[in-house]
Amino acid sequence: MTDRSAQGVALGFLAALSWGVYNVGAEIGQQSGFRPADLTLLRYGGAALLMAPLLVLARHRLPPLHKVAMLALLIGPLFALAFNEGFQRAPLSHAVVIGPGMSMLVANLLECWASGQHLGGKRRIGIAVLIAGLLIIASDAPAPRAPGGSVLLGDLCFVLSGSLWGIYVFVMGRWKLPAVETTAAIAALASAVYLPVYLWLWGWPQMAPGLWAQQFFYQGVVGGCLAFVIFAATVLRLGGGRAALFSALVPSTAVLLAIPLTGQWPNWVQWSGVAVTTLGLVISLDLRRGLPERGRAVSREDRRE
């Protein structure tokens, strides 16, 4: 495995960790009384505030506005609202299967379509194992969040958000935009468009300052800044298809992070899902691919000896 691929794998795991923190934070936020619209505002508005100095310093290196606008349309407020609305209607078990599953499939199918090549055998097997791990986690299903509500509508929200994320991953892989500057530009544009709509339709809720600060960290710092920058850097190093595979680790990461953050220990079903999804990721990444020829020759000589 080349140094660039090794960096991509390390960043992919770090991105999954960041998304896991964000997911647990979103769960905490909704239990605290925040609405999907509030969490969406904190995600993009918080990131825009934090990265505003960067926009000024890097204004000559920002991506073209039309590209930023397209990316903001894909993973801006529409994506976050769909994701959070899905959480309001469908059980968490649906979210951990539908969202990451759609992201993986859409990104990899688009990559195959663009390159004219089929998925390799190991990639197909790995994706199948990843989906099996997600289904194991989903089998430990809690009750729907809103009795009498439309679970199907929540599932469709996860289909939409997962598909949007998969398209974003594919586009980022093709355009190869700088991770930090692109994230800052998306956050700024998304906030400028969303803030007036938010104030007009929903208005500012009365919540304790400590809760606002907590969700500012989860949504703005982690979800809006760190996770986006790290994942964009992963895409630059691994390509869209391979980078998208790390989205399948988010449910497992969230399960493990729930131990220190919420005191919830996973049961044996969830532990099994964590193990299977990790195995599927290792198979899908095919870490020996891209190993320098000299390294491969040495490995063959070692085996002969």
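Residues numbered from 1 in each chain as written. Predicted model: local features only at pLDDT ≥ 70, side-chain atom pairs only at ≥ 80, totals over all residues. Heavy atoms only, no water.

### Here's the deal with the overall build of the protein
Under the convention used in this document: Every helix listed is a DSSP run of H or I at least four residues long, and every strand listed is a run of E at least two residues long, numbered separately from the N terminus. Think of it in three bands: residues with accessible area under 20% of the maximum for their type are buried, residues over 50% are exposed, and the middle band is partly exposed, with areas taken using a 1.4 Å probe on protein chains only. Areas reported as accessible are Shrake-Rupley estimates using a 1.4 Å probe. Residue values count occlusion only from the protein chains shown.
Along its length, the protein carries 13 helices and zero strands. Buried positions account for 51% of the 305 residues belonging to the protein. A total accessible area of about 14100 Å² is found for the protein, and carbon and sulfur atoms account for 68% of it.

### Topic: the side chain of Asp38
Heads up, the condition is: The term polar contact refers here to a pair of N or O atoms within 3.5 Å; inside protein, the definition further demands a hydrogen-donor-capable atom paired with an acceptor-capable atom, and it admits residues adjacent in sequence only when both atoms are side-chain atoms. Residue contacts are defined here by distance: any two heavy atoms, one from each residue, within 4.5 Å place the two residues in contact.
Tracing the backbone through its elements, the reader meets Asp38 in helix H2 (residues 36-57). Of note is the side chain of Asp38, whose polar atom sits 2.7 Å from the side chain of Tyr198. With residues up to four places along the chain from it excluded, the contact list for Asp38 reads Tyr198, Gly203 and Pro205.

### What to know about the packing of helix H7 (residues 151-175) against helix H9 (residues 209-238)
Applicable threshold: All axes here are fitted lines through C-alpha atoms, helices being fitted over the stretch that makes contact, and every angle between N-to-C directions spans 0 to 180 degrees. Relative orientations are named as follows: roughly parallel for angles under 35 degrees, roughly antiparallel for angles over 145 degrees, roughly perpendicular for angles from 65 to 115 degrees, and oblique for any other angle. We call a crossing left-handed when the near helix sits turned anticlockwise from the far one by less than a right angle, and right-handed when that turn is clockwise.
Look at H7 against H9: their axes get within 9 Å of each other, and the N-to-C directions meet at 55 degrees. As the angle between them shows, H7 and H9 are arranged oblique. Read as a crossing pair, H7 and H9 show a hand that is right-handed. Between H7 and H9, the contacting residues are Trp165, Tyr168, Val169, Met172 and Gly173 on the first element and Phe228, Phe231, Ala232 and Val235 on the second.

### Quick look at the environment of Gly133
Mapped onto the elements of the fold, Gly133 is located in helix H6 (residues 121-139). With a relative accessible area of 0%, Gly133 lands in the buried category. Measuring from C-alpha to C-alpha, the distance between Gly133 and Leu249 comes to 9.5 Å, with 116 residues separating the pair along the chain. Contact partners of Gly133, with chain neighbours within four places excluded, come to Gly273, Val276 and Thr277.

### Let's talk about the packing of helix H3 (residues 65-75) against helix H8 (residues 179-201)
Look at H3 against H8: their axes get within 9 Å of each other, and the N-to-C directions meet at 70 degrees. With respect to H8, the element H3 is oriented roughly perpendicular. The two elements H3 and H8 cross, and the hand of that crossing is right-handed. In contact with Val68, Ala69, Leu71, Ala72 and Ile75 of H3, H8 contributes Thr182, Ala185, Ile186 and Leu189.

### Examining the packing of aromatic side chains
Each aromatic ring pair is characterised by the separation of its centres together with the angle its planes make. Selection rule: Whether two aromatic rings pair depends on their centres lying within 6.5 Å, for rings of Phe, Tyr and Trp, where Trp uses its six-membered ring; planes under 30 degrees apart make the pair stacked, over 60 edge-to-face, and the rest tilted.
Going through the model one piece at a time under the given rule, you end up with 18 aromatic pairs. Taken together, a centroid distance of 5.5 Å and an interplanar angle of 70 degrees make the contact between Trp19 and Phe228 edge-to-face. Remark: Phe228 occurs in helix H9 and Trp19 occurs in helix H1 (residues 3-31); sequence separation between them is 209 residues. Each member of the pair, Trp19 as well as Phe228, is classed as buried.

### Structural notes on the pattern of salt bridges
Heads up, the rule is: What makes a salt bridge here is a side-chain nitrogen of Lys or Arg within 4 Å of a carboxyl oxygen of Asp or Glu, nothing more.
Inspection of the entire model under this criterion finds two salt bridges. Asp38 is the partner of Arg35 in a salt bridge, and the nearest nitrogen-oxygen pair spans 2.9 Å. By relative accessible area, Arg35 is classed as partly exposed at 28%. For Asp38, a relative accessible area of 1% corresponds to the buried category.

### Things to note about the nonpolar core
Stated formally: Working definition of a nonpolar core: buried Ala, Val, Leu, Ile, Met, Phe, Trp, Tyr and Cys residues. They are joined through side-chain atoms within 4.5 Å.
Judged by nonpolar contacts, the single largest core of 52 residues is most densely connected at Trp19, Leu71, Trp165, Tyr168, Val169 and Phe231. At eleven residues, the largest contribution of residues to this core is made by H9. Each residue touching Trp165, except ones within four places of it in the same chain, is listed here: Trp19, Ile75, Phe79, Ser103, Phe228 and Phe231.

### Description of H3
The line we're drawing: By arc we mean the arc of the directions from the helix axis to the C-beta atoms, nothing more.
Taken as a whole, H3 has its buried residues at Val68, Leu71, Ala72, Leu74 and Ile75. What you see down the axis of H3 is that its buried residues fit within an arc of 160 degrees, all on one side. Of the residues in H3, the exposed ones pointing more than 90 degrees away from the buried face are Leu65, His66 and Leu73. Elements in contact with the buried residues of H3: H2, helix H4 (77-89), H7, H8 and H9.

### What about the environment of Thr182?
Here Thr182 is to be found in helix H8. Accessibility expressed as a relative area gives 2% for Thr182, which makes it buried. Distance in space between the C-alpha atoms of Thr182 and Pro63 is 6.4 Å, their sequence separation being 119 residues. Within the local environment of Thr182, its side chain forms a polar contact with the backbone oxygen of Pro178, the two atoms lying 2.5 Å apart.

### With respect to H1
Test applied: Each helix should span, by expectation, one fewer than its residue count multiplied by 1.5 Å.
Taking 1.5 Å as the rise per residue, H1 with 29 residues should run 42 Å; its terminal C-alpha atoms sit 42 Å apart, in good agreement. Phi turns positive, to about 110 degrees, at Gly33, one or two residues after H1.

### Some points on the side chain of Ser103
Tracing the backbone shows Ser103 in helix H5 (residues 92-115). A relative accessible area of 5% means that Ser103 is categorised as buried. Among the polar contacts made by the side chain of Ser103, one reaches the main-chain carbonyl oxygen of Gly162 at a distance of 3.0 Å. Every residue in contact with Ser103, bar those within four places of it in the chain, is listed here: Gly162, Trp165, Gly166, Ala244 and Ser247.

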